[in-house]
Amino acid sequence: MGAYASTDLLDQDPSTLEDYDVEYIQPTAVYNDTSRELVDLLVRYLHSRDCPYSVDRVVKSGSFGKGTQIRDHADLDCVVVLNILKSVHDRINHGPQILGHLADMLKTQRWVVRGSVTNNDYIILFKMYQNGVTMDVDLLPTFEVLGHNPPNYRKKQIYRVMLDLSGHVGSYYSVPLCQLQLDFVRLQPSRVKTLIRLVKYWRKMEVEKHAQPSLRYPNSYAMELITIHVWKKAAASRPRRIKLVEAFKSVLTQLVNYKSLHAEWYKNYSEVLANEACDRLGFTRPIVLDPANPTNNMMDVFHKEAWDHLASIAAKSMRRPLLKDVVIPAYW
């Protein structure tokens, strides 16, 4: 263990941030292995005869699947494509019954924390535990939309369908697109993931501690996208290996100035389609367009008051010892 006068992230000397990251933020190999074993237990159950429904495939997302988990805090978004669900209407009509049945079955599993299983018409929430590791799980049954390795024309067809559907029905298409979200973050360079973990650790230690219960704050995925956006803006001119502390302050600066955000990515859809979606759906700045779903502006998902509160926390954080004397280079 290193000798730190304080274990508070924001009280560190800028020169020690890389070491602090290794000692307090990056998950240990033992933690990762145990988390992997927990996920394997769940996936094996879902594909077994004990599961009441035939499963086509399971998408393991969340921080675990993306490789952005922080120490002692992995979460899993488990998207389960069920063969019984053939369409969005099947999901709407039969989903609540299926969720209730699956929730009851999960309560009987020894690796599910007793009393942790809750569900509504959209999702099952529960905790898994083994060998000292607890994992939060969101389980979302869904229908197949794109299939495996979909070509671009198929994605375009689905996005057109989503644009033409009402908000209620169209929202059910977001879950089947989870694989695209997962791939977008998972394939980022390791250095970007290090920055993402740092930002998420800050969110956990500073934002969650002071969050107002009545507000819906930006989730991990929103923070991941904003971090990637800030990184990519500097991609053309940054040095080969940038200082983590400079990158971190750049992200917090963007959070303070969140109202100016306009981030789009054209990996899964074109700029033309993104512009059409923004026009038809009335998106205005701030915009962080989901790279998996052009009908979803991540900035609109959460309360404006929560963004304002988060921005104020970011501003205060930059006045603390870790960041107050850090100068952000021009390439950021």
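Residues numbered from 1 in each chain as written. Predicted model: local features only at pLDDT ≥ 70, side-chain atom pairs only at ≥ 80, totals over all residues. Heavy atoms only, no water.

Peer 1: Would you explain the overall build of the protein chain in this entry?
Peer 2: For the protein chain, the count of helices and strands is twelve helices and seven strands. A compact globule built from 332 residues would reach a C-alpha radius of gyration of about 20 Å, and the protein chain, at 21 Å, matches this within 12%. In terms of overall dimensions, the protein chain has a C-alpha envelope of 60 × 50 × 40 Å along the principal axes. In the protein chain, which comprises 332 residues, the share counted as buried stands at 53%. (Helix = DSSP H or I, 4+ residues; strand = E, 2+ residues; numbered from the N terminus. Rg over C-alpha atoms; globule rule 2.2 N^0.38 Å. Buried < 20%, exposed > 50% of the residue type's maximum accessible area, 1.4 Å probe, protein only.)

Peer 1: So what exactly am I meant to see when it comes to the packing of aromatic side chains here?
Peer 2: Each aromatic ring pair is described using two quantities: the centre-to-centre distance and the angle formed by the ring planes. For the coordinates displayed, the defined rule picks out nine aromatic pairs. Between Phe143 and Tyr173, the aromatic rings sit 5.5 Å apart at their centres with planes inclined by 85°, giving edge-to-face as the arrangement. Highlighted residues: Phe143 in the loop between strand 5 (133–142) and helix 5 (152–164) and Tyr173 in the loop between helix 6 (167–170) and helix 7 (178–186), separated in sequence by 30 residues. Phe143 sits in the buried class, given a relative accessible area of 3%. Overall, the relative accessible area of 10% leaves Tyr173 in the buried class. An aromatic cluster is defined as three or more aromatic residues linked by ring pairs; in this entry it consists of Tyr20, Tyr24 and Tyr201. (Phe/Tyr/Trp six-rings, centres within 6.5 Å; stacked < 30°, edge-to-face > 60°.)

Peer 1: Could you clarify how one ought to interpret the nonpolar core in this entry?
Peer 2: It is characteristic of soluble globular proteins that their nonpolar side chains tend to be buried jointly. With 56 residues, the main nonpolar core has Leu42, Leu46, Phe126 and Leu139 as its most contacted residues. Looking at this core, the elements with two or more residues in it are helix 2 (29–46), strand 1 (55–61), strand 2 (75–82), helix 4 (88–106), strand 4 (124–130), strand 5, helix 5 and helix 11 (271–281). Of the residues forming this core, the biggest block, eight residues, is contributed by helix 2. (Core = buried A, V, L, I, M, F, W, Y, C linked by side-chain atoms within 4.5 Å.)

Peer 1: How should the pattern of salt bridges be read in this particular structure?
Peer 2: Side-chain pairing between opposite charges can occur once the charged atoms of the two side chains come close. Tallying each qualifying case throughout the model produces 16 salt bridges. A salt bridge links Glu144 to Arg57; the shortest N-O distance between them is 2.9 Å. Of this pair, Glu144 sits in the loop between strand 5 and helix 5 while Arg57 sits in strand 1, placing them 87 residues apart in sequence. The residue Glu276 makes a salt bridge to Arg160 at a minimum N-O spacing of 2.6 Å. With Glu276 in helix 11 and Arg160 in helix 5, the pair connects residues that are 116 residues apart, well separated along the chain. Taking the relative accessible area as the measure of exposure, Glu276 reaches 23% and is therefore partly exposed. Accessibility expressed as a relative area gives 31% for Arg160, which makes it partly exposed. (Salt bridge = Lys/Arg side-chain N within 4 Å of Asp/Glu carboxyl O.)

Peer 1: I tried to follow the state of the cysteines on my own but got confused; where do I start?
Peer 2: Structurally, a disulfide amounts to a covalent bond that connects the sulfur atoms of two cysteines. Tallying each qualifying case throughout the model produces zero disulfides. In this structure Cys51 is a free cysteine whose sulfur lies 10 Å from that of Cys78, the closest cysteine sulfur available. Summary of cysteine pairing: Cys78 is not part of a disulfide, and the nearest cysteine sulfur, belonging to Cys178, is at 9.4 Å. (Disulfide = S-S within 2.5 Å.)

Peer 1: Looking at this model, I keep getting lost on empty space enclosed by the protein. Mind explaining?
Peer 2: A water-sized probe rolled over the atoms picks out the places where empty space is left. Applying the stated rule across the entire model yields one cavity of 30 Å³ or more. Lining the largest cavity, in full, are Arg57, Val59, Val79, Val81, Thr142, Phe143, Glu144, Val175, Pro176, Cys178 and Gln179. Only strand 1, strand 2 and helix 7 provide two or more residues apiece to the lining of the largest cavity. Residues belonging to the lining of the largest cavity are distributed by class as follows: seven nonpolar, two polar and two charged. (1 Å grid on protein atoms, 1.4 Å probe; cavity = no way out; pocket = protein on both sides within 12 Å on 5 of 7 lines; lining within 4 Å. Points joined across faces, edges and corners; volume = space filled by probe spheres on them. Nonpolar A, V, L, I, M, F, W, Y, C, P; charged D, E, K, R; others polar.)

Peer 1: Whenever I open this one, the layout of surface pockets confuses me. Can you help?
Peer 2: Roughly 230 Å³ of volume is contained in the second largest pocket. Taken together, 14 residues line the second largest pocket, and the ones lying closest to its centre are Asn149, Pro150, Gln179, Leu180 and Asp183. Tallying contributions element by element places helix 7 first for the lining of the second largest pocket, with four residues. For the lining of the second largest pocket, the residue count by class is five nonpolar, five polar and four charged.

Peer 1: Please explain helix 12 (residues 304–317) as it appears in this structure.
Peer 2: Spanning 14 residues, helix 12 covers 20 Å between terminal C-alpha atoms, matching the ideal 20 Å at 1.5 Å per step. All of the buried residues in helix 12 are Ala306, Trp307, His309, Leu310, Ala311, Ile313, Ala314 and Ser317. Against the buried residues of helix 12 lie helix 8 (190–207), helix 9 (220–233) and helix 10 (244–256). (Expected span 1.5 Å × (residues − 1). Contact = heavy atoms within 4.5 Å.)

Peer 1: Even after reading the chapter, I still don't get the pairing of strand 5, so can you show me in this structure?
Peer 2: A large share of strand 5 lies buried, amounting to seven of its ten residues. Examined bridge by bridge, strand 2 and strand 5 share seven bridges and lie parallel to one another. Bridge assignment links Val80 to a residue of strand 5, and that residue is Pro141. With seven bridges connecting them, strand 4 and strand 5 associate as antiparallel partners. Of the residues in strand 5, the one forming a bridge with Gln130 is Val133. Hairpin connection, strand 4 to strand 5: the antiparallel pair is bridged by two residues, and Asn131 has positive phi, about 50°. (Pairing = 2+ DSSP bridges.)

Peer 1: Can you help me understand helix 2 in this one?
Peer 2: Since the α-helix advances by 3.6 residues per turn, residues separated by three or four positions end up pointing in the same direction. Relative to the 26 Å expected for 18 residues at 1.5 Å per residue, helix 2 spans 26 Å between its end C-alpha atoms, a close match to the ideal helical length. Listed as buried for helix 2 are Tyr31, Asn32, Thr34, Ser35, Leu38, Val39, Leu41, Leu42, Val43, Tyr45 and Leu46. Each element contacted by the buried residues of helix 2 is listed here: strand 1, helix 3 (62–66), strand 2, helix 4, strand 4 and strand 5.

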